[in-house]
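Observations on the three-dimensional arrangement
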Amino acid sequence: MSALDKYMRAADEVIAIEPMLQEEDFSTYSCEALEFEKNELSKAWAKYKKLYEECSLDTMERKKDIIAVQTKHPQVRKTYIRCINILSRAKKELPLEKLEISN
């Protein structure tokens, strides 16, 4: 699998998280469950960033690949930020007793 293929797969993994989070009923979550979701998002983002950097170096000589990477990156970055916002809002909406359990 090429560096570009790995990059695209990692990008799609980050992007796939957003609709899942948008459809989730966070009222059933504990603070720990939200932290788990945030950690999973962070892992996907870290994997994506590593492959983004590798792919950027690897594709410098291939204009077609670099255009694909440069086109996809802003989309993935914005998706990651929206996911963080979804989880932050969900945490703020947790009942006080669920927040106290985790502290």
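Remember, predicted model here, so these are calculated numbers, not experimental data.

**Examining the packing of helix 1 (residues 3-23) against helix 3 (residues 63-92)**
Packing of helix 1 against helix 3 brings their axes to within 9 Å, and their N-to-C directions diverge by 25°. In terms of their interaxial angle, helix 1 and helix 3 are classed as roughly parallel. Between helix 1 and helix 3 lies a crossing whose hand is left-handed. Here the contact of helix 1 with helix 3 is composed, by residue class, of 15 nonpolar, four polar and five charged.

**Overview of the pattern of salt bridges**
Tallied over the full model, the rule gives six salt bridges. The shortest N-O distance in the salt bridge between glutamate 18 and arginine 82 comes to 2.6 Å. Here the residue glutamate 18 occupies a position in helix 1, and arginine 82 occupies one in helix 3, the gap between them amounting to 64 residues. Glutamate 18 sits in the buried class, given a relative accessible area of 10%.

**Regarding the nonpolar core**
In this structure, Leu21, Phe26, Leu34, Tyr48 and Val76 are the most contacted members of the largest nonpolar core, which totals 26 residues. Taken together, the elements giving at least two residues each to this core come down to helix 1, helix 2 (31-58) and helix 3. Setting aside anything within four residues of it in sequence, one finds valine 76 in contact with Ala11, Val14, Ile15, Trp45 and Tyr48.

Parameters and conventions
- Residues numbered from 1 in each chain as written.
- Predicted model: local features only at pLDDT ≥ 70, side-chain atom pairs only at ≥ 80, totals over all residues.
- Heavy atoms only, no water.
- Axes fitted to C-alpha atoms, helices over the stretch in contact; angles between N-to-C directions.
- Helix = DSSP H or I, 4+ residues; strand = E, 2+ residues; numbered from the N terminus.
- Parallel < 35°, antiparallel > 145°, perpendicular 65-115°, else oblique.
- Left-handed = near helix turned anticlockwise from the far one by under 90°.
- Nonpolar A, V, L, I, M, F, W, Y, C, P; charged D, E, K, R; others polar.
- Salt bridge = Lys/Arg side-chain N within 4 Å of Asp/Glu carboxyl O.
- Buried < 20%, exposed > 50% of the residue type's maximum accessible area, 1.4 Å probe, protein only.
- Core = buried A, V, L, I, M, F, W, Y, C linked by side-chain atoms within 4.5 Å.
- Contact = heavy atoms within 4.5 Å.

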